[in-house]
Amino acid sequence: MPVTLSKPFSRKFSVAPMLDWTDRHCRHFMRLISNNTLLYTEMVTTGAILHGRGDFLAFNESEHPIALQLGGSDPEALAKCAKLAAERGYDEVNLNVGCPSDRVQNGRFGACLMAEPALVAQCVEQMRVASDLPITVKTRIGIDEQDSYEFLTQLIDTVKSAGCDSFTIHARKAWLQGLSPKENREIPPLDYPRVYQLKRDYPELEIVINGGIKTLDECQQHLQHVDGVMVGREAYQNPYMMAEVDRLLFGDSAPARTRREVVEAMYPYIQAHLDGGGYLNHISRHMLGIFQGMPGARRWRRYLSENAHKPGSGVEVVEAALQQVNCD
Ligand SMILES: Cc1cc2nc3c(=O)[nH]c(=O)nc-3n(C[C@H](O)[C@H](O)[C@H](O)COP(=O)(O)O)c2cc1C
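Residues numbered from 1 in each chain as written. Predicted model: local features only at pLDDT ≥ 70, side-chain atom pairs only at ≥ 80, totals over all residues. Heavy atoms only, no water.

> Sorry if this is basic, but what is going on with the site of the ligand here?
Around the ligand lies a shell of 17 residues, among which Gln69, Asn210, Gly212, Gly232 and Arg233 are the nearest. Backbone polar atom of Pro17 to an oxygen atom of the ligand: 2.8 Å apart, as the coordinates give it. Protein chains shield 92% of the accessible area of the ligand, which is 610 Å² for the free molecule. Within the shell around the ligand, the residues separate by chemical class into seven nonpolar, seven polar and three charged. (Near = heavy atom within 4 Å. Polar contact = N/O pair within 3.5 Å; in protein donor to acceptor, adjacent residues only side chain to side chain. Areas by Shrake-Rupley, 256 points an atom, 1.4 Å probe, with all protein chains shown as cover. Nonpolar A, V, L, I, M, F, W, Y, C, P; charged D, E, K, R; others polar.)

> Honestly, the pairing of strand β2 (residues 38–45) in this entry has me stumped. Any pointers?
One face of the sheet, then the other: side chains in a regular strand alternate in exactly this way. Of all eight residues making up β2, six are buried, and the element is well covered by its neighbours. Strand direction decides the pairing type here: strand β1 (residues 13–15) and β2, joined by two bridges, are parallel. Residue Val15 lies in a different strand from β2, and its bridge partner there is Leu39. In this fold, the crossover linking β1 to β2 by way of helix α1 (residues 24–31) has right-handed handedness. Strand direction decides the pairing type here: β2 and strand β3 (residues 66–71), joined by five bridges, are parallel. (Buried < 20%, exposed > 50% of the residue type's maximum accessible area, 1.4 Å probe, protein only. Helix = DSSP H or I, 4+ residues; strand = E, 2+ residues; numbered from the N terminus. Pairing = 2+ DSSP bridges. Right-handed = clockwise from strand over helix to strand, strands pointing away.)

> Looking at this structure, I do not really get the environment of Ala79. What am I missing?
Within the secondary structure, Ala79 sits in helix α3 (residues 75–88). Overall, Ala79 belongs to the buried group, its relative accessible area being 9%. Sequence spacing of Ala79 and Ser131 is 52 residues, and the spatial spacing of their C-alpha atoms is 7.6 Å.

> When you look at the pattern of salt bridges in this model, what are you seeing that I'm missing?
Think of it this way: side chains of opposite charge can pair up when their charged atoms draw near. By the definition in use, this model includes 15 salt bridges. Where Asp55 meets Arg88, a salt bridge forms, and the shortest distance between an N and an O atom there is 2.6 Å. Taken as a pair, Asp55 in the loop between α2 (46–51) and β3 and Arg88 in helix α3 lie far apart in primary sequence, 33 residues in all. (Salt bridge = Lys/Arg side-chain N within 4 Å of Asp/Glu carboxyl O.)

> What am I meant to see in the packing of helix α6 (residues 149–161) against helix α7 (residues 192–201) here?
It is the contact of α6 with α7, at a shortest axis distance of 12 Å, that shows an interaxial angle of 45°. When the interaxial angle is binned, α6 and α7 end up oblique. Regarding α6 and α7, the two cross each other, and that crossing is right-handed. Residues Tyr149, Leu152, Thr153 and Ile156 of α6 form the contact with α7, whose own contacting residues are Arg194, Gln197, Leu198 and Asp201. Across the contact of α6 with α7, the residue classes break down as four nonpolar, two polar and two charged. (Axes fitted to C-alpha atoms, helices over the stretch in contact; angles between N-to-C directions. Parallel < 35°, antiparallel > 145°, perpendicular 65-115°, else oblique. Left-handed = near helix turned anticlockwise from the far one by under 90°. Contact = heavy atoms within 4.5 Å.)

> Hey, could you run me through the packing of helix α5 (residues 117–130) against α6 in this one?
Two quantities define a packed helix pair, namely the angle between the helix axes and the distance between the axes. Contact geometry of α5 with α6 gives a least axis separation of 8 Å together with a crossing angle of 30°. With respect to α6, the axis of α5 lies roughly parallel. Considering only the axes of α5 and α6, their crossing is right-handed. Contact residues: α5 offers Pro117, Ala118, Val120, Ala121 and Val124, while α6 offers Gln154, Leu155, Thr158 and Val159. When its residues are assigned to classes, the contact of α5 with α6 shows seven nonpolar, two polar and no charged.

> I would appreciate a short explanation of a negative patch on the surface in the present structure.
A surface patch of like charges, here negative, comprises Glu261, Glu264, Glu316 and Glu319. Looking at the negative patch, the elements that each hand over two or more residues are α11 (259–265) and α15 (315–322). As for its position among the elements, Glu316 is in helix α15. Taking the relative accessible area as the measure of exposure, Glu316 reaches 45% and is therefore partly exposed. (Patch = residues over 30% accessible without salt bridge, like charges linked within 9 Å, V, L, I, M, F, W, Y side chains within 5 Å. Lys, Arg positive; Asp, Glu negative; His and termini not counted. Charge placed at Lys NZ, Arg CZ, Asp CG, Glu CD.)

Here you go:
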């Protein structure tokens, strides 16, 4: 399989991996809003890639720069997947060391790996051997009662020695028992200073901060202290917050597409998906938030939600929904 060499990219601004949300339709849509944002896939387990039915690594060329997030803890399986990711043309492979769901804990990966730095290091090392792609780690600041700064730096030290030089830190800990994944994104308090401290103590590492970030103003504040910001829920629920990323964070001079232009730019992609036998709502569900805060936003959402799932729905449904809004 031909391997296309990836263009250089930056982790200054990225959209977080989000299961069920950042699928390839979502990523294509987000790419029409920002050219430079690094986009992460949903977490894909090594089991799904190596033994599942279906192609779990599929993406569109339009999505570059794109990072594959892997879930797993078997170094050999992770290495195989990292190799496949390189062959398929991903720009980065990220290991999930932060997800607290029960399902993930049973598989002994995600956040519970924070307690096993040596295993994480082994995973990273084997992935690096198997693939030339950058191997990064996404983690939290702690788990359960293990939430000291030393606990975090022990993980960083060990994984760094395996050759990982880029860490994304969700600035809150996770409780492995008793909280749902959703609660684990809301209840443990955010501690940004701890992530800033990490950057001060490890200036040679790339440190990306994540958790609770909603505006580009906030991003710019964080960027005074760390190398990058990763935004999750806000980028999904209010995707147009990314419209100024290219100009403000990457110095591009080209004006951003308007909201309406972003929607219209989706038409050929939607049509191709429909022509291939796909359904409109698989794509349009990711577009509901584009008019967030604008006049007619609720009518846009309602029209799409009520109509896009109907059999035979096509681009004309999106056109009709657009007529419900009174802004560009
Ligand atoms: C619906 C949803 C699914 C998520 N799935 C993943 C995932 O697959 N892998 C991961 O590392 N984090 C996952 N997360 C966590 C996000 O990547 C991010 O760390 C978290 O939402 C905090 O960032 P935010 O406050 O900007 O949303 C998910 C979050 C949400 C809301």
